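A look at the structure
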Amino acid sequence: MLQFKAPKGTTDILPDVARRWQYLERKAAELFSLYGYEPIITPVFEHTEIFQRSIGMSTDIVQKEMYTFMDKGGRSLTLRPEGTAPVIRAYVEHNMNLLPQPVKLYYTGPMFRYERPQAGRYRQFWQLGIEAIGSDDPAIDAETILLMINYFKSVGLKELTLYINSMGCDKDRPAYIRLLKDYAGENREKLCKDCRKRIDLNPLRLFDCKEESCQLVMQDAPKMIDYLDEACKEHFNKVRQYLDMQSIVYIIKPELVRGLDYYTKTAFEVVSPLLGAQNAIGGGGRYNKLVEEFGGPPTPGIGFAIGTERLSIAVDKEGAFVSTDSKMDVFIAIADEAAKSAAINLLFALREAKISADIDYMGRSLKGQLKYADKRGFKYTVFLGSRELESGKVAIKNMETGEQIEVPLNELVDKLLEIIKQNQPSISQTID
Ligand SMILES: [Zn+2]
Ligand SMILES: [Zn+2]
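The structure contained in this document is the topic of the report that follows. (Residues numbered from 1 in each chain as written. Chains lettered and ligands numbered in written order. Predicted model: local features only at pLDDT ≥ 70, side-chain atom pairs only at ≥ 80, totals over all residues. Heavy atoms only, no water.)

1. Looking at the sheet that holds strand S12 (residues 330–334)
Spatially, five strands are ordered S13-S12-S14-S15-S16 in an open sheet, and the strand pairing comes out mixed. Sheet topology places strand S13 (357–359) and strand S16 (404–408) at the edges, where each strand pairs with a single neighbour. The average angle at which neighbouring strand axes cross in this sheet is 25°, direction not considered. Contacts from helix H13 (residues 366–376) reach S12 and strand S14 (380–384), with the element oriented near 170° to S12. (Pairing = 2+ DSSP bridges. Helix = DSSP H or I, 4+ residues; strand = E, 2+ residues; numbered from the N terminus. Axes fitted to C-alpha atoms, helices over the stretch in contact; angles between N-to-C directions. Contact = heavy atoms within 4.5 Å.)

Written out as structure tokens, the structure is:
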């Protein structure tokens, strides 16, 4: 039996929420371009290998959560589970290393992971992200973190906690990983079944376990930040100095290990107290090996991703969506059939003048039309019938106050523009 429902783990973004998302995306585009970022749009699916190589074979994402399928040409394709690998693949493919560096790109779009659906967690979810490719300067790490914080502020979030950490590099990490494995091995008995597997597969993920007994063990585990080599230590200190200079408050969280294999050096995460257990609204980090992984020249990079669903919930809880007012400006009520053609001409003339307008398409009576206009929340109604066409005069009714004025038909558009400007902003300007 066919189920006419959205597939499990997916959800429809209905107009009230979709409008908010558009607003969040618009604010992001504005701010990101202020920092020199340009938009990029990559395919929603890639060759499976792109994610296996970048995210890492041992991660949960690659092992269990990818939507992988064979297409009709026998290629293994995967719906993108995250946005960074595709952008880096595009950077290499289009020789962007030959452009002036760093190359700063931002994206927005759906990502896909086959996870157990939970509150605020979907199998198709949206992310907003940036990537700054080509520089290892700690100042760009600080800028990236600052951009994320400033973006959250720009959409009205007030209370945020920023965690930062350093994940080291391929010079100091292998020795640390051995220490970590030894420590976890000694405490094997106290770890859950999943964590026992992680010891060999992906020991950094031990820090992400939700089991209390595992968390207790990991509290005393050696932390990467204590085993950084001089270069990584220096880099991390510089990032901190730049953040301090901008009075950005942060907490160093040695347990913060971004779960993907490609991260090096700076890692960061922002959480909102307005969200429940799933309180992270954005995170990112440096990935100095990724471009090479895709066959490009050694090129450092850093970026972040923000979860649109959670961001939208947090901004809503903060009460910071200024307005989701969808009120349209003008409804044209057709008093009799003879005026229909004139009404349709008027309708398009209004829209041409950037006045949002609509008309009845359901054959309602005049009374029915007014009821509809009221329900849909039009600000003004214009009455058009054979009487108005003959006299050359039309009435404009303010739907809120009930007040009515009469104006010459040939001045109607200008009059409406004037009235609308005097009163509230029109739909194109709300929300800001
Ligand atoms: Zn290092
Ligand atoms: Zn565990």
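Continuing now.
2. Side note on the coordination of the zinc ion (ligand 2)
Summarising the metal site, the zinc ion (ligand 2) is bound by the protein donors Cys 192 (SG), Cys 195 (SG), Cys 209 (SG) and Cys 214 (SG), whose distances to it range over 2.2 to 2.3 Å. Classification of the site at the zinc ion (ligand 2) rests on its four donor atoms, whose angles at the metal span 105 to 115°, yielding the label tetrahedral. Between the donor residues of the zinc ion (ligand 2), the gaps in sequence give the motif C-x2-C-x13-C-x4-C. Using a relative accessible area of 16% as the deciding quantity, one classes Cys 192 as buried. (Donors = N, O, S within 2.8 Å, 3.2 Å for Na, K, Ca; no water. Tetrahedral: all angles 85-135°; square planar, octahedral: opposite > 155°, others 65-115°. Buried < 20%, exposed > 50% of the residue type's maximum accessible area, 1.4 Å probe, protein only.)

3. Describing the pattern of salt bridges
Taken as a whole and judged by the stated rule, the model has 24 salt bridges. Note that Lys 64 and Asp 60 form a salt bridge whose closest N and O atoms lie 3.8 Å from each other. Note that Lys 64 and Asp 60 are positioned in helix H3 (residues 60–65) at a spacing of four residues, about one turn of the helix. With a shortest N-O distance of 2.8 Å, Asp 71 and Arg 75 are connected by a salt bridge. (Salt bridge = Lys/Arg side-chain N within 4 Å of Asp/Glu carboxyl O.)

4. Here's the deal with the sheet that holds strand S4 (residues 76–79)
The strand order S2-S4-S3 describes an open sheet built from three strands, whose pairing is antiparallel. At either margin of the open sheet sits one strand with a lone partner, and together these are strand S2 (45–47) and strand S3 (67–70). Between one strand axis and the next, the sheet turns through 35° on average, direction left out of account. Pairing of S2 with S4 involves three bridges; the strand directions are antiparallel. By the bridge assignment for S4, Phe 45 is matched with Leu 79. The strands touched by helix H2 (residues 48–55) within the sheet are S2, S3 and S4, with S2 carrying the most contacts at an inclination of about 80°.

5. Looking at unusual backbone geometry
Going from Gln 101 to Pro 102, the amide bond is cis rather than trans, its omega being -5°. Looking at where Pro 102 falls in the secondary structure, it is placed in the loop between helix H4 (84–93) and strand S5 (103–112). Positive phi outside glycine occurs at Asn 95, with the angle close to 50°. Secondary-structure assignment places Asn 95 in the loop between H4 and S5. Taking the relative accessible area as the measure of exposure, Asn 95 reaches 43% and is therefore partly exposed. In the Ramachandran plot, Lys 265 falls in the positive-phi region, its phi being about 55° despite a non-glycine side chain. Relative to the helices and strands, Lys 265 resides in strand S9 (residues 264–271).

6. Observations regarding the packing of helix H5 (residues 138–154) against helix H9 (residues 230–245)
Where H5 contacts H9, the two axes come as close as 8 Å, and the packing angle between them is 45°. Viewed along their axes, H5 and H9 adopt a mutual orientation that is oblique. When the axes of H5 and H9 are compared, the crossing they make is right-handed. Each of Pro 138, Ala 139, Asp 141, Ala 142 and Ile 145 in H5 lies in contact with H9, whose residues at this interface are His 235, Lys 238, Val 239, Tyr 242 and Leu 243. In terms of residue class, the contact of H5 with H9 is built from seven nonpolar, one polar and two charged. (Parallel < 35°, antiparallel > 145°, perpendicular 65-115°, else oblique. Left-handed = near helix turned anticlockwise from the far one by under 90°. Nonpolar A, V, L, I, M, F, W, Y, C, P; charged D, E, K, R; others polar.)

7. Points about the coordination of the zinc ion (ligand 1)
Coordination of the zinc ion (ligand 1) by the protein is provided by Cys 169 (SG), Asp 172 (OD), Asp 229 (OD), Asp 229 (OD) and Cys 232 (SG), with metal-donor distances spanning 2.2 to 2.7 Å. Mapped onto the sequence, the residues coordinating the zinc ion (ligand 1) show the spacing C-x2-D-x56-D-x2-C. Judged by its relative accessible area of 21%, Asp 229 is partly exposed.

8. A short note on the packing of aromatic side chains
Evaluation of the coordinates by the stated rule reveals 12 aromatic pairs. A centroid spacing of 5.6 Å and a plane angle of 70° characterise the contact between Phe 32 and Tyr 106, whose relative ring orientation is edge-to-face. Residue Phe 32 is found in helix H1 (residues 15–34), and its partner Tyr 106 is found in strand S5; the two are separated by 74 residues along the sequence. The exposure class assigned to Phe 32 is buried, which follows from its relative accessible area of 0%. Classification of Tyr 106 by relative accessible area gives buried; the value is 14%. The interplanar angle of 35° and the centroid separation of 5.9 Å between the aromatic rings of Tyr 176 and Tyr 227 together place this pair among those described as tilted. In this pair, Tyr 176 sits in helix H6 (residues 173–186) while Tyr 227 sits in the loop between helix H8 (212–219) and H9, placing the two residues 51 residues apart along the sequence. (Phe/Tyr/Trp six-rings, centres within 6.5 Å; stacked < 30°, edge-to-face > 60°.)

9. Some details on the pairing of strand S7 (residues 161–166)
A regular strand places its side chains on the two faces of the sheet in alternate fashion. Burial runs high along S7: five of the six residues are buried. Here S7 runs beside S9; their pairing, made up of six bridges, is antiparallel. Residue Tyr 163 lies in a different strand from S9, and its bridge partner there is Glu 269.

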